[in-house]
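# Report on the structure
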Amino acid sequence: MKTFKLLTTGSIILLAAMLFAGCEGITHEPKVDMASLKPVTQEDFTSALKSINVDDSQISSLDNTSFSFEGDSKEYEIVCNIDASSPSNNYYAYAKCVDAKTAKELFDYYYDLYDDVFDAADFSGIKSYETGTDTGYILIDGRLDDKKNNSYTPYHDAIYLKDDTVIVAMASDYDVAIEKEVNTFLEAIGYPHP
């Protein structure tokens with residue numbers, strides 16, 4: 001009986017050690033089931049901005065036009081684009097594109113911005129990302145240290161592609177209140193946060 005108890009205790013200790021060792025190197029968020037997420041309307045997005053106290057002076061909107069990014073010659077045709085900056089300088093964007101192909105190209109632009117971070121040895125944190133033909137997401141929470149320049153880049157960002165729409169939520173710094181604002185915004189539209 002004593003031997004059985006000793007073996008049982010030893011097995012439990014070994015199992016617990018394996019479980020803790022397995023958790024040590026977690027670097028990925030859980031996958032997001034994009035099919036389960038509802039499309040976000042312009043009204044949903046604007047309402048979520050109000051839930052984090054973004055006022056009209058911090059929101060810019062464009063309809064039925066196109067835009068490009070500095071240093072990128074690609075034009076993205078949109079039905080509606082909303083850019084907003086919160087009082088904590090977090091950045092939020094909503095782009096309903098003319099079609100799913102254009103939305104995918106816009107999502108790919110953002111994806112390429114994060115591509116180096118995904119595999120960077122100096123990144124510490126968690127990340128999850130996936131891209132398909134008309135859905136995709138990037139969830140990243142952590143920091144990329146630049147030891148040479150003694151600086152860091154914080155990340156608590158979420159980018160989503162759902163059909164013809166791209167949604168962006170980016171934290172401005174590495175701070176609990178700033179990150180909580182991003183989480184509150186994403187919860188308001190019904191999407192997971194980093």
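This section reports on the structure supplied with the text. Here the structure is a predicted model, which is why all the values come from computation and not from measurement. (Residues numbered from 1 in each chain as written. Predicted model: local features only at pLDDT ≥ 70, side-chain atom pairs only at ≥ 80, totals over all residues. Heavy atoms only, no water.)

## So, the pattern of salt bridges
Side chains bearing opposite charge may pair, as long as their charged atoms lie close to each other. Formally: For this document, the term salt bridge refers to a Lys or Arg side-chain nitrogen within 4 Å of an Asp or Glu carboxyl oxygen. Residue exposure (1.4 Å probe, protein chains only): buried if accessible area is under 20% of the type maximum, exposed if over 50%, otherwise partly exposed.
This model, assessed by the stated rule, comprises 9 salt bridges. Its salt-bridge partner being K38, residue D44 comes within 3.2 Å of it at the nearest N-O pair. When its relative accessible area of 27% is taken as the criterion, D44 is described as partly exposed. Relative accessible area serves as the criterion here: at 43%, K38 is assigned to the partly exposed category. D145 serves as the salt-bridge partner of R143, at 3.0 Å between the closest nitrogen and oxygen. Note on R143: relative accessible area 23%, which makes it partly exposed. Residues joined by salt bridges that share partners form a network here, namely K74, K101 and E105.

## Some thoughts on the sheet that holds strand β2 (residues 76-85)
The strands that make up a sheet are held in pairs by hydrogen bonds between backbone atoms, and each pair lies either parallel or antiparallel. To keep it simple, the criterion reads: In short, DSSP must find at least two bridges between two strands for them to pair. Going along the chain from the N terminus, every DSSP run of H or I of four or more residues is numbered as a helix, and every run of E of two or more is numbered as a strand. To define axes, lines are fitted to C-alpha atoms, for helices over the stretch in contact only, and angles between the resulting N-to-C directions are given on a 0 to 180 degree scale. Any two residues having at least one pair of non-hydrogen atoms within 4.5 Å are treated as being in contact.
Spatially, β1-β2-β3-β7-β6-β5-β4 is the arrangement adopted by the 7 strands of the open sheet, whose pairing is antiparallel. Where the open sheet ends on each side, the last strands, each with one partner, are β1 (59-67) and β4 (123-131). Along the sheet, successive strands turn relative to each other by an average axial angle of 15°, direction set aside. Where helix α2 (residues 42-51) meets the sheet, its contacts fall on β1, β2, β3 (91-97) and β7 (165-170), and the angle it forms with β2 comes to roughly 10°.

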